[in-house]
There are 2 protein chains.
Amino acid sequence: MKKLINTADSVVEDALNGMAAAHPSLRVRDNVVYRAAGPRPGKVGLVSGGGSGHEPLHAGFVGYGMLDAACCGEIFTSPVPDPIIEATTSVDGGAGVLHIVKNYTGDVLNFEMAAELVEGVEVASVLVDDDVAVQDSLYTAGRRGTGATLFVEKIAGAAAEEGLPLEDVAAVAADVNRRSRSFGIALTSCTPPSAGKPIFDLPENQVELGIGIHGEPGRTRVPIAPARELAGVAMDAIHGDMPLRGDLLVMVNGMGGTPLSELYVVFGEVAAYVKGRGARVARSLVGNYVTSLDMQGFSVTVCPLDDELTRLWDAPVETPGLRWGR
Amino acid sequence: MKKLINTADSVVEDALNGMAAAHPSLRVRDNVVYRAAGPRPGKVGLVSGGGSGHEPLHAGFVGYGMLDAACCGEIFTSPVPDPIIEATTSVDGGAGVLHIVKNYTGDVLNFEMAAELVEGVEVASVLVDDDVAVQDSLYTAGRRGTGATLFVEKIAGAAAEEGLPLEDVAAVAADVNRRSRSFGIALTSCTPPSAGKPIFDLPENQVELGIGIHGEPGRTRVPIAPARELAGVAMDAIHGDMPLRGDLLVMVNGMGGTPLSELYVVFGEVAAYVKGRGARVARSLVGNYVTSLDMQGFSVTVCPLDDELTRLWDAPVETPGLRWGR
C-alpha cells in the first residue's frame, strides 16, 4: 500500500488538520468540522456526517449555503453519538437542527441515538437512500445513501440559509431524496489505510456494476466495456427505476481515483442518453464529490428539478468542495 | 488497462464533448475550448494549451477571469500550430493575445510557430518553467512547466479582465512564473490510453522524487515514507531553490489518482513546514488541478505574494475548474 499518510491511525485527524489549515472558514474540534463563523441566530442548522473516506463529502461541504457541521468518523466507520450531540448543540441557532443521514445501519443508529439524547434542541432527520443498485447491502437495510447526499445537503442548505423553518427544510430535503436515484460502477477496489490492501478483488478485465461507496458488492461483474456501454448500464438502472423526464439535475461523480477527463467522457454519454429519452440535463456536476478512497469508477445521480428546486440549487454556496454564485 | 473511455483514439474528443455538454459557458471547436461568449472588445485574450491528460488544466480554466481559449493536443502531445493560430485569431478583442506556454520542447516550438504565422494579432508569450526538480528532462531544455501554470493563468487572467494592456498582462504573468517553484512526487506511474499500460515501473515500496507530469524521470527513487517526510522532501527542494519568506500562495496538487483526503494530509504538513520557516500560507489551493492522467502522487507549488498579486489572485473567477467570488 502506497498512500500519502503519516500513520493509518492518524489519517482522519491529519486530513482534518490539513483542511483547517487550508480553509480559514472552517474550525475542527474532535473530528467535527464547523463553520468558523458559528451558528446564525434563527437559521436552521444542518448536520451531516458518517465514516470518512468519501471526501469532499461531508467535511468539504461545510460552509455558507450547505452544512453547519460535519461529524467525521474513522474511515468507513460511523461517528458515535457524542460528537453528533456536540455538533447538534453547537450549531443550533434557536431554529432547530436537521440531521442528514446516509442509509447505513451504523449511521442511522448513531444519529438516532444522538437525536434522542440531545437536550434543548429540536431535531429533524432526513434519510438518504438513493442507490437503486441493490435492495439491502452489507451495511444497509433498504437502499444505500450515496450521491444524492450532496443534492440534499446543497438544496436543504439553501432553504435553511433563506430562513425557512425546520419543518420546511426537512420537507425539501426529503423531497430531494425521494426524487433522486443513483447507480455506481467500480473499475478497481479501494484500499483502506488500516487494511493495507484492496478490500475486494476485481480481476484486471472486469468491473463491478452497482458498487457501493464502501466496496459493498453490487449486482454483478462484467468485462470492462466502452464508457458508452457502462454509462448506459447505469442510466438503464436509473431510468428503469424512475423514468427520466423533464429537467434533470445530473451528477457524474468519480470514486476518488478516476481522473476528471474520464468523468467528462462518461458525462458526454450520460447527456446523450438523457437527450435520447426526451429529457433534459438542466443542471450538472462532474467531478470527485462522493468518493470511496482511491477507488476507480464512477456513479451517476439524477434528480428531476422543478422551478423551486432549481432556484435552491442555483443559490450561492461557499464551501471547500462546492462554490458558486456569491 | 481499465479506463472510462470509448476508444483510445477518441478520448480527447469525447472528453471535450462531455465538457461542452456539462458547461454551457464553453464552446468546443477542433479540440479548442473557447468561452461561449466570445472575445470581449478591448480585453487582452489569453490562450494556453498543450498535451491533454492534465485536466482540469487547461480546458477547465477557460472562463471569466482566466483563459479565453485552451488548445488541447492528444494525450501528452503538443497541439500543432494551426489550432493555436485559429484560437489566437478567434479570441483577439483588438488588444492582443498572450500565449501561456509550459516549457516542453513541442509546446514551445508550436506556440512560437503559431505566434509567427498568425496575422493581424499582436502576440506576447510567457514561458512557465517552475519545476525545480531537474534542470533538463525528457521533453524539456531547462526547467519543466507544471503547477505554476495555474497561478499564471489565474493572475494574468485577472489582470486581463481588468483591462490592462498586453505588455502589462505579459509582465505580471512573467513575474508570477519568476516567483513560483514546484516539486512533485509520484507513488505510481500513469497509463496513457494509447499505451495501454503504465509508462514506467515503480516498485510497490518506492516513490519517485521530482517526477514530471508526463512520467518523466525525477531525481531519485526512495522507499515510501510518511507524508510528513515526503512533504519535507518537496519543500526542502523548493526552499533550497528559493528561501521561503513572507506571504505565500501554496498549492498542494494531486496527480489525478490521489484522493482529496491524502492531499489534505500533505497540505497540513506543508503548512507546518512553511510556518516553521517563519513564512505564512496566505492563500492556498488543495486538489487535483495539474494532473498526469491516473498517476498517484502530489506536487507542491509556492509563489510569494505581494499586495497586488494577492488582489489579482482573489479577483473573481468563473471556470469549471476554479470558481470564486463572482
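From a predicted model like this one, the values you see are computed outputs, not experimental measurements.

Thoughts on the nonpolar core
Grouped together as the largest cluster of nonpolar side chains are 103 residues, with contacts concentrated most on Val300(A), Leu98(B) and Leu150(B). Take this core: its biggest share by element is ten residues, from helix α7 (residues 260-276) of chain A. Setting aside its immediate chain neighbours within four residues, Val300(A) contacts Arg181(A), Ser182(A), Phe183(A), Ala234(A), Met235(A), Ile238(A), Val250(A), Met251(A), Val252(A) and Val270(A). In terms of nonpolar packing, the next biggest core, distinct from the first, is built from 102 residues, Leu4(A), Met19(A), Tyr289(A) and Cys303(A) among them.

Observations concerning the side chain of Asp107(B)
Position of Asp107(B) relative to the elements: it lies in helix α3 (residues 105-117). In this view, Asp107(B) contacts Gly49(B), Gly50(B), Gly51(B), Ser78(B), Pro79(B), Val101(B) and Lys102(B); residues no more than four positions away in its chain are not counted.

A look at the interface of chain A and chain B
By convention, interface size is frequently given as the accessible area that disappears when the constituent parts associate. Listed by partner, the interface residues are 55 residues for chain A and 55 residues for chain B. Interface area for chain A against chain B, summed over the two sides, is near 4200 Å², with a carbon-plus-sulfur share of 59%. Area buried by chain A at its contact with chain B is led by Lys2(A), Leu4(A) and Tyr264(A), which between them contribute 23% of it. Our enumeration of links across chain A and chain B arrives at two salt bridges. A salt bridge links Glu262(A) to Lys3(B); the shortest N-O distance between them is 3.7 Å. Where chain A meets chain B, there are 22 residue pairs in polar contact (both at pLDDT 80 or more). For the side of chain A that touches chain B, the secondary-structure elements that each account for two or more residues are α1 (11-22), β8 (206-209), α6 (227-241), α7, β11 (280-287), β12 (297-304) and β14 (323-324) of chain A. Ranked by the residues each element gives to the side of chain A that touches chain B, the list is headed by α7(A), at ten residues. Residue classes in the side of chain A that touches chain B are distributed as 30 nonpolar, 14 polar and eleven charged.

A look at the sheet that holds strand β7 (residues 181-186) of chain B
Residue and element names in this part refer to chain B. On the basis of which strands lie adjacent, the open sheet formed by six strands has the order β9-β8-β7-β12-β10-β11 and mixed pairing. Across the chains shown, the open sheet's two edge strands, defined by having one partner strand only, are β9 (220-223) and β11 (280-287). Sheet twist, expressed as the mean angle between neighbouring strand axes with direction ignored, is 20°. Here helix α4 (residues 148-161) sits on the sheet and contacts β7, β10 (247-254), β11 and β12 (297-304); the angle it forms with β12, its principal contact strand, is near 45°. Contacting β7, β8 (206-209) and β12, helix α6 (residues 227-241) runs over the sheet at an angle of about 155° to β7.

Re the domain arrangement of chain A
Residues and elements named next belong to chain A. Along its sequence, chain A is organised into domain 1 (11-178) and domain 2 (181-314). Here the C-alpha centre of domain 2 lies 22 Å away from the C-alpha centre of domain 1. Taken together, the contact pairs 37 residues of domain 1 with 35 residues of domain 2. Carbon and sulfur atoms make up 66% of the area that domain 1 and domain 2 hide from each other, which totals about 2900 Å². When the area that domain 1 buries against domain 2 is broken down by residue, the three leading residues are Phe76, Val132 and Phe151, summing to 21%.

With respect to the relation of the copies chain A and chain B
The second copy of the chain is related to the first by a rotation about an axis and a shift along the axis. Once chain A has been moved 0.0 Å along the axis and rotated by 180°, it coincides with chain B to within an RMSD of 0.0 Å. One copy is carried onto the other by what is essentially a two-fold rotation axis. Closest to the rotation axis within chain A is the C-alpha of Gly257(A), separated from it by 2.1 Å. Looking at chain A, 100% of its interface residues are interface residues in chain B too, so the copies touch through the same face.

Calculation criteria
Residues numbered from 1 in each chain as written. Chains lettered and ligands numbered in written order. Predicted model: local features only at pLDDT ≥ 70, side-chain atom pairs only at ≥ 80, totals over all residues. Heavy atoms only, no water. Core = buried A, V, L, I, M, F, W, Y, C linked by side-chain atoms within 4.5 Å. Buried < 20%, exposed > 50% of the residue type's maximum accessible area, 1.4 Å probe, protein only. Helix = DSSP H or I, 4+ residues; strand = E, 2+ residues; numbered from the N terminus. Contact = heavy atoms within 4.5 Å. Buried area = accessible area lost by both parts, 1.4 Å probe. Salt bridge = Lys/Arg side-chain N within 4 Å of Asp/Glu carboxyl O. Polar contact = N/O pair within 3.5 Å; in protein donor to acceptor, adjacent residues only side chain to side chain. Nonpolar A, V, L, I, M, F, W, Y, C, P; charged D, E, K, R; others polar. Pairing = 2+ DSSP bridges. Axes fitted to C-alpha atoms, helices over the stretch in contact; angles between N-to-C directions. Domains from an automatic or database assignment. Least-squares fit on C-alpha atoms with pLDDT ≥ 70 in both.

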